[in-house]
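Next come the chains, spelled out residue by residue.
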Amino acid sequence: MIEDLEWDDKYLTGIAAIDRDHKNLFIILQQLNNPRAGTVDFADLFDRMVNYVDTHFAAEEDMMLSFGYPDLENHRIAHKELAATVHQMADLYHTDPGAVSHDEVLGFVTNWLGNHVLKVDMDYVPYLKAAGEKPGG
Ligand SMILES: [Fe+2]
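Report follows, based on the coordinates.

Reading guide: rules and limits
Residues numbered from 1 in each chain as written. Predicted model: local features only at pLDDT ≥ 70, side-chain atom pairs only at ≥ 80, totals over all residues. Heavy atoms only, no water. Core = buried A, V, L, I, M, F, W, Y, C linked by side-chain atoms within 4.5 Å. Buried < 20%, exposed > 50% of the residue type's maximum accessible area, 1.4 Å probe, protein only. Contact = heavy atoms within 4.5 Å. Salt bridge = Lys/Arg side-chain N within 4 Å of Asp/Glu carboxyl O. Helix = DSSP H or I, 4+ residues; strand = E, 2+ residues; numbered from the N terminus.

## Some remarks on the nonpolar core
Side chains of nonpolar character tend, in soluble globular proteins, to be buried together.
Line of reasoning, step 1. Leu-32, Phe-46, Met-49, Val-105, Val-109 and Trp-112 are the most contacted members of the largest nonpolar core, which has 29 residues in total.
Line of reasoning, step 2. Every residue in contact with Phe-46, bar those within four places of it in the chain, is listed here: Met-89, Ala-90, Tyr-93, Val-100 and Val-105.
Line of reasoning, step 3. Core analysis: the second largest hydrophobic core is formed by nine residues, Ile-18, Met-64, Tyr-124 and Leu-128 among them.

## Side note on the pattern of salt bridges
Line of reasoning, step 1. For the structure on display, the rule yields three salt bridges.
Line of reasoning, step 2. In this structure, Arg-48 engages Asp-44 in a salt bridge whose closest nitrogen and oxygen atoms are separated by 2.8 Å. Of this pair, Arg-48 and Asp-44 both sit in helix H2 (residues 42-66), separated by four residues, roughly a single helical turn.
Line of reasoning, step 3. Owing to a relative accessible area of 28%, Arg-48 belongs among the partly exposed residues under this scheme.
Line of reasoning, step 4. Take Asp-44: its relative accessible area is 31%, and that puts it in the partly exposed class.
Line of reasoning, step 5. Note that Arg-76 and Glu-61 form a salt bridge whose closest N and O atoms lie 3.0 Å from each other. Of the two residues, Arg-76 sits in helix H3 (residues 72-95) while Glu-61 sits in helix H2, which places them 15 residues apart along the sequence.
Line of reasoning, step 6. Among the ionic contacts, a cluster of salt bridges with common partners joins Glu-61, Glu-73 and Arg-76.

If you want it as structure tokens, here you go:
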């Protein structure tokens, strides 16, 4: 359980479609952060996380490709690792729900926002803006 878990504008890239997706990931984290762990709907959250990694990462990569982002390959590798972990956790949940640790999933998504969204994603923002992506557009 994370105290005072509130959306913060430090997560904003200024690119509307990306920010909308990142807010959805934040909502998943808020739902995982339920103090009554037994009431968390893991089946639904894993469906949403799998859908997220399968669509959002591809959209981000297409955007980086279109702007010739020089660090695209490393970013792709980071996405592959995150996606593999999400798929593994979801598969494990579907075969043996009791084997999935609430704390582990909460820790994983917390790190995802703190290390990927706030660091790895923020690295592409100046390139995309320099290439003409309109903030909020
Ligand atoms: Fe990313």
